[in-house]
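Now for the letters of each chain:
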Amino acid sequence: MSIADTTTEIRPFQVDFPDEALAELRNRITTTRWPSKELVEDRSQGVQLATLQELARYWTDEYDFGRIAARLNALPQFTTEIDGVDIHFIHVQSQHEDALPLIMTHGWPGSVIELLDTVGPLTDPTAHGGTAEDAFHLVLPSVPGYGFSGEPAELGWWAGRVAQAWPELMNRLGYTRYVAQGGDVGAAITDAMGRIAPEGLLGIHTNLLVTALGGGPMPGETEEEQAALAATSSFRATGFGYFLEQSTRPQTIGYALLDSPVALAAWMLDHDTDSYYKISRAFVDGQPTGGLTRDHILDNITLYWLTGTGASAARSYWESGVAQAKATAAGQAPPPASVPVIAFTTFPDEIFAAPRSWVEQGYPNLTYYNKAAKGGHFAAWEEPQIFSEEVRAAFSTLR
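*Asks:* How should the overall build of the protein be read in this particular structure?
*Replies:* What the protein contains, in helices and strands, is 16 helices and 9 strands. Radius of gyration (C-alpha) of the protein: 20 Å, near the 21 Å computed for a compact globule of 399 residues. The principal-axis extent of the C-alpha atoms belonging to the protein is close to 55 × 50 × 45 Å. Counting every position in the protein, which comprises 399 residues, the buried fraction comes to 56%. Looking at the protein alone, contacts between residues at least 24 apart form 77% of all its contacts between residues at least 6 apart. Summed over its atoms, the accessible surface of the protein is roughly 16500 Å², and 51% of this surface lies on carbon and sulfur atoms.

Right, here's the structure in full:
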C-alpha cells in the first residue's frame, strides 16, 4: 500500500481528560457486578477475583487519575496524518548531536506507557550508566487504533501496513538514517519493516520472535529448543484465549471493553502467565517486579479506557490474521529481512525463550543475539535499564 497524498503537517499535542470522564470511570468501577470466586487456586480459570478486586479498590481509592496526563505532557508529543489516520507520537531528541534515531513500537495490551521509563536511558545515556555514543533520538508512536492515534475507518491496517507508515513518519521528522525496535505487536511491525527494508532503515531489534508464532516447525533437538517448544505448546493450549478472540471476534469482546473498566482490566491482565502473576503480586501483596507497579499498570489500563480504544486495538489482531491468511492461501512467503543489522534479545520470562537456532531460522543474517539476565514479555516496562542496554548493544556497530 503506497503512502501518498497525505497531510504532512506535524502538530503539537497535549493530553487533557475532562473531569466528567474521570468521574464516570470511578463510578463504573464502584458499580461493577462481580462474578463468584474461581474454583481453582491458580489462574487456570482466568484472572483471579482477589487480584481484580484489589486492583479495583486501589484504582478508586488510591490511584491518581491525573498521573497519565502529567507523565505524557512532560514529554514532547505530536500528531500527524498518515494515509488518512492521525498518528500520535512522542519525540524526544537527545542532547547528543550524533545520536542515532530510533523508532520504537509498543504492543498489546501495552501502549506508549510501557516504554516511558526507557526514554531517559536511551536519550540521555550519560545519566544512566552509558556514554554519549549510546544516545538515541527517540520516536514512540501509538499504533493506529491504540491510545491517542486515530482509529482506522477502513480495512487493511495490519502490521505490514503500519510498517509502511513508520518510514513516512521518520522521513517527516527529517531522519534519513534510523533503526527500529519492537516487542509483541511492535515486534510484528518491526519485523515487517526489516522485510520491506525502506531507504534509511539501518537495522531492527525485536524481543518477541514473531517468526516462531505462526506454528511452523522449529528445531527441537537440544534441551533449550525442547523447553521453547514446550512453552509455545503450553501457550497455545492454555494461554491463547485473548489471541484467538481478538484475531477472530474483536467486535464481540469490544462491547465489554468499552462498557466496563473492570472487564477491560481483566482482559488486559489475562496475557501471559509470568506477567499475570507479577502484576497480581503487585496488587495483592504490594510486591511489584521492576517497573510492573500498580500505578504503572493502571496508567496503561486507564489510558485504554479514557481513549475508548479497547475494541479498535483488538481489531489489529484480526487485521493481521486476515492478511496472513490471505498470504498463506496465495502461497506468498514474506521476503527475507535484508537490513544491515538484525538483532534479537531473548528475555528469560518471555512466553517462550527463543533459542539462537530459532532466531537464525527466521533471520539467517542475524547480527546480534543475547540472553538477558531477567525480564519477561513486557521487558521495557519491567526492566527498562536492562532493556535499554540491549537496544544500545544491538545497534552498537552502527555508531
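*Asks:* So what exactly am I meant to see when it comes to the packing of helix α1 (residues 19-30) against helix α2 (residues 49-61) here?
*Replies:* Two numbers describe a pair of packed helices, the interaxial angle and the distance between the axes. Two elements in contact, α1 and α2, have axes whose closest approach is 10 Å; the angle formed by their N-to-C orientations is 145°. For the pair α1 and α2, the sense of crossing is left-handed. Contacts between α1 and α2 involve Leu 25, Arg 26, Ile 29 and Thr 30 from the first element and Ala 56, Trp 59 and Thr 60 from the second. Looking at the contact of α1 with α2 residue by residue, the classes come out as 4 nonpolar, 2 polar and 1 charged.

*Asks:* Before we go on, may I ask you to explain the sheet that holds strand β3 (residues 85-92) in this structure?
*Replies:* As a general point, the strands of a sheet are linked pairwise by backbone hydrogen bonds and lie either parallel or antiparallel. Read across the sheet, 9 strands follow the order β1-β2-β3-β5-β4-β6-β7-β8-β9 without closing on themselves; strand pairing throughout is mixed. If you trace the sheet from one side to the other, it starts and ends with β1 (10-12) and β9 (368-371), each paired once. Across the sheet, the axes of successive neighbouring strands diverge by a mean angle of 25°, strand direction being ignored. Looking at chain direction, strand β4 (residues 100-105) and strand β5 (residues 136-141) are connected through 4 bridges and run parallel. Following the sheet pairing, Leu 102 is matched in β5 by Leu 138. In the packing of helix α5 (residues 159-172) onto the sheet, contacts are made with β1, β2 (77-82), β3, β4, β5 and β6 (178-182), and the angle to β2 comes to roughly 120°.

*Asks:* For this particular structure, what's the right way to read the packing of aromatic side chains?
*Replies:* Think of a pair of aromatic rings as described by two things: how far the centres are apart, and how the planes are tilted against each other in angle. Taken as a whole, this structure holds 20 aromatic pairs when the rule is applied. Consider the rings of Phe 17 and Phe 148, whose centres lie 5.9 Å apart with planes at 25°: the pair is stacked. With a gap of 131 residues between them, Phe 17 in the loop between β1 and α1 and Phe 148 in the loop between β5 and α5 connect regions that are remote in the sequence. We note that Phe 17, like Phe 148, is buried. Each ring, one from Phe 344 and one from Tyr 369, has its centre 6.4 Å from the other, and the planes form 10°; the classification is stacked. Taken together, the positions of Phe 344 in strand β8 (residues 341-346) and Tyr 369 in strand β9 put the pair 25 residues apart, joining distant regions of the chain. Judged by relative accessible area, Tyr 369 falls into the buried class, the value being 14%. These aromatic residues form a ring-pair network of at least three members: Trp 108, Phe 235, Phe 240, Tyr 242, Phe 243 and Tyr 317. Taking NZ or CZ as reference, Arg 399 lies 4.4 Å from the ring centre of Phe 136, over its face.

*Asks:* Can you help me understand α1 in this one?
*Replies:* Over its 12 residues, α1 extends 17 Å from the first C-alpha to the last, a length consistent with the 16 Å expected when each residue adds 1.5 Å. All of the buried residues in α1 are Leu 22, Leu 25 and Ile 29. Taken down its axis, α1 places every buried residue within 60° of arc, on the same side. Along α1, the residues that are exposed and aim more than 90 degrees away from the buried face are Asp 19, Glu 20 and Thr 30. Residues of α1 that are buried make contact with α2, α10 (261-269) and α12 (294-307).

Scoring rules and cut-offs
Residues numbered from 1 in each chain as written. Predicted model: local features only at pLDDT ≥ 70, side-chain atom pairs only at ≥ 80, totals over all residues. Heavy atoms only, no water. Helix = DSSP H or I, 4+ residues; strand = E, 2+ residues; numbered from the N terminus. Rg over C-alpha atoms; globule rule 2.2 N^0.38 Å. Buried < 20%, exposed > 50% of the residue type's maximum accessible area, 1.4 Å probe, protein only. Contact = heavy atoms within 4.5 Å. Areas by Shrake-Rupley, 256 points an atom, 1.4 Å probe, with all protein chains shown as cover. Axes fitted to C-alpha atoms, helices over the stretch in contact; angles between N-to-C directions. Left-handed = near helix turned anticlockwise from the far one by under 90°. Nonpolar A, V, L, I, M, F, W, Y, C, P; charged D, E, K, R; others polar. Pairing = 2+ DSSP bridges. Phe/Tyr/Trp six-rings, centres within 6.5 Å; stacked < 30°, edge-to-face > 60°. Lys NZ or Arg CZ within 6 Å of the ring centre and 35° of its normal. Expected span 1.5 Å × (residues − 1). Arc of directions from axis to C-beta.

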